[in-house]
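Listed here are the chains, written in short residue letters.
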Amino acid sequence: MAYEPAGAPDYFNIDDLLTEEHILIRQTMRDFVKREISPKIEQWAQDAHFPSEIVKKFGDVGAFGPTIPAEYGGGGLDYISYGIIMQEIERGDSGMRSTASVQGSLVMYPIYKYGSEEQRKKYLPKLASGEWLGCFGLTEPDFGSNPGGMVTNIKDMGDHYLLNGSKMWISNSPECQVAVVWAKNEQGRIKGLIVERGMEGFTTPEIHNKWSLRASCTGELVFDNVKVPKENLLPNVDGLRGPLGCLDSARYGISWGAIGAAIDCYESALKYSKERIQFDKPIGGFQLTQKKLAEMLTEITKAQLMVWRLGTLMNEGKATTQQISMAKRNSVDMALHIAREARQIHGGMGITGEYPIMRHMMNLESVITYEGTHDIHLLITGADITGIQAFK
């Protein structure tokens, strides 16, 4: 009864809203995940192993920076295509999707959006191809939900900046060749810099003993009097809107990606419910099991409709930060609930690596916290509808 990833539920014929290109992209990514990730992911997770060879493979299949223009090595695709790619990768594993979405939304996006033409030409093709892996330095040991309180800083030394401080919980950092780092200047303004592996005083210690995202590499960024050339400053952004703009792009990807994890759990539970016999019939024949499955499919369908509409708004340049926030929160909360219900349908087998449920469940505990916690996203909506900010 070993689990095999299959198609995807489409109860409301949402495929009718997609283009032929969207369907082709989805099938390409689905085949890639089934070939390169699904057969190995349980062992990678058990071993807490990040498969560094996947980076080049992601580049080859076009998973890095799909919305970045083709002239810089990106895919030149629309936002629904980007969402579909993230969904299919996260059906394989949230940690694998983290690798791809950090590269595209948090490294390539700010260099494209806020960087100089020289920076775009220097960094984006290597990041798009998977020759280089990047990371995003915003969260600090003492500043997560309140990034504006960061203490990482730069000082203008004339021909370079001197960077000091540290960042924490940084996906891709132990393996990165380049980091987009956010720091305060001497006037207290937040600036973005491109920091390269090999700069003296720049280290990336790995974080070990994670129970979540075990196939993803996570670490710190430590800056001890790092000399950063002036030309590595991102010239076209100032203040907190820089990193928050990147997070909008990444959170949008998560809103699709988490649905992929939910779909994988649902499909596994549905298949298991038809094969597992108790009291002389498949457990899928019992009312309580059918209730779980029907509610799973309902929530997946609602989320699919929300992210499709959000993708349309993104393509039109109309999506708001608050809409993205709501979609990220809804999708991850939904996926985590489905993972827990699916685990119950699998019974004791649900805790084993024979099925993907427990791995998804543990991964989603990180996804519900990073790039805006569950509660912070709720308060973003609350502030938007009341006009009163509850953060302070």
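The protein has the name glutaryl-CoA dehydrogenase (ETF) in an unreviewed UniProt entry, where Pontibacter fetidus is given as its organism. What UniProt states about the protein under its Catalytic activity (unreviewed entry) heading is, verbatim, "glutaryl-CoA + oxidized [electron-transfer flavoprotein] + 2 H(+) = (2E)-butenoyl-CoA + reduced [electron-transfer flavoprotein] + CO2". As its UniProt record puts it under Cofactor (unreviewed entry), the protein is described as follows: "FAD".

Talk me through the overall build of the protein; I want residue IDs and the actual numbers.
Helix and strand counts for the protein stand at 11 helices and 9 strands. Radius of gyration (C-alpha) of the protein: 21 Å, near the 21 Å computed for a compact globule of 392 residues. Buried residues in the protein amount to 55% of all 392 residues. Taking contacts inside the protein between residues at least 6 apart in sequence as the whole, the part at least 24 apart equals 75%. Accessible area of the protein: about 16900 Å², with a carbon and sulfur share of 52%. Between the mean site of the 41 positive side-chain charges and the mean site of the 48 negative ones, the protein shows a separation of 2 Å.

Go over the packing of helix 7 (residues 241–275) against helix 9 (residues 321–346) with me, naming the residues and quoting the values.
Their axes nearest at 8 Å, the elements helix 7 and helix 9 cross at an angle of 20 degrees. As summarised for this structure, helix 7 and helix 9 are arranged roughly parallel, according to the angle between their axes. Taken as a pair, helix 7 and helix 9 cross one another with a handedness that is left-handed.

Got a sec to walk through the packing of aromatic side chains? Specific residues and values, please.
In this structure the tally under the stated criterion is 12 aromatic pairs. On the basis of an interplanar angle of 85 degrees and a centroid distance of 5.6 Å, the ring pair of tyrosine 272 and tyrosine 355 is categorised as edge-to-face. With a gap of 83 residues between them, tyrosine 272 in helix 7 and tyrosine 355 in the loop between helix 9 and helix 10 (357–367) connect regions that are remote in the sequence. Overall, tyrosine 272 belongs to the buried group, its relative accessible area being 4%. Overall, tyrosine 355 belongs to the buried group, its relative accessible area being 5%. Taken together, the aromatic side chains of Tyr109, Tyr114, Phe136 and Trp182 make up a single cluster linked through ring pairs. Directly above the ring of tyrosine 161 sits lysine 230, whose terminal nitrogen or CZ lies 5.2 Å from the centroid.

Quick one: what's the story with the packing of helix 4 (residues 79–92) against helix 7, residue by residue and with numbers?
The interhelical angle for the contact between helix 4 and helix 7, taken along N-to-C directions, is 45 degrees, at an axis separation of 7 Å. It follows from the interaxial angle that helix 4 and helix 7 lie oblique. Pair helix 4 / helix 7 crosses with right-handed handedness. Here the contact of helix 4 with helix 7 is built from residues that sort into 12 nonpolar, 6 polar and 4 charged.

A description of the side chain of lysine 191 should follow, citing residues and the corresponding values.
Topologically, lysine 191 is positioned in strand 5 (residues 190–196). Side-chain polar atoms of lysine 191 contact the side chain of aspartate 238, separated by 2.7 Å. For lysine 191, the residues in contact, after removing those within four places along its chain, are Ile154, Val181, Trp182, Ala183, Asn185, Leu233, Val237 and Asp238.

Talk me through helix 8 (residues 287–315); I want residue IDs and the actual numbers.
Given a rise of 1.5 Å per residue, 29 residues ought to cover 42 Å, and the 42 Å separating the end C-alpha atoms of helix 8 matches this to within 8%. In the stretch just after helix 8, glycine 317 is the one whose phi turns positive, near 70 degrees.

An account of the nonpolar core is needed here, citing residue identities and associated values.
Phe58, Ile89, Met96, Trp182 and Tyr252 are the most contacted members of the largest nonpolar core, which totals 93 residues. Tallying contributions element by element places helix 7 first for this core, with 15 residues. Contact partners of methionine 96, with chain neighbours within four places excluded, come to Ile37, Ile41, Trp44, Phe50, Pro51, Ile54, Phe58, Ile89 and Ala215. Residues Ile154, Tyr161, Ala183 and Met199 belong to the second largest nonpolar core, which totals 18 residues.

Conventions adopted
Residues numbered from 1 in each chain as written. Predicted model: local features only at pLDDT ≥ 70, side-chain atom pairs only at ≥ 80, totals over all residues. Heavy atoms only, no water. UniProt positions renumbered as here; feature names shortened; annotations may be inferred. Helix = DSSP H or I, 4+ residues; strand = E, 2+ residues; numbered from the N terminus. Rg over C-alpha atoms; globule rule 2.2 N^0.38 Å. Buried < 20%, exposed > 50% of the residue type's maximum accessible area, 1.4 Å probe, protein only. Contact = heavy atoms within 4.5 Å. Areas by Shrake-Rupley, 256 points an atom, 1.4 Å probe, with all protein chains shown as cover. Lys, Arg positive; Asp, Glu negative; His and termini not counted. Charge placed at Lys NZ, Arg CZ, Asp CG, Glu CD. Axes fitted to C-alpha atoms, helices over the stretch in contact; angles between N-to-C directions. Parallel < 35°, antiparallel > 145°, perpendicular 65-115°, else oblique. Left-handed = near helix turned anticlockwise from the far one by under 90°. Phe/Tyr/Trp six-rings, centres within 6.5 Å; stacked < 30°, edge-to-face > 60°. Lys NZ or Arg CZ within 6 Å of the ring centre and 35° of its normal. Nonpolar A, V, L, I, M, F, W, Y, C, P; charged D, E, K, R; others polar. Polar contact = N/O pair within 3.5 Å; in protein donor to acceptor, adjacent residues only side chain to side chain. Expected span 1.5 Å × (residues − 1). Core = buried A, V, L, I, M, F, W, Y, C linked by side-chain atoms within 4.5 Å.

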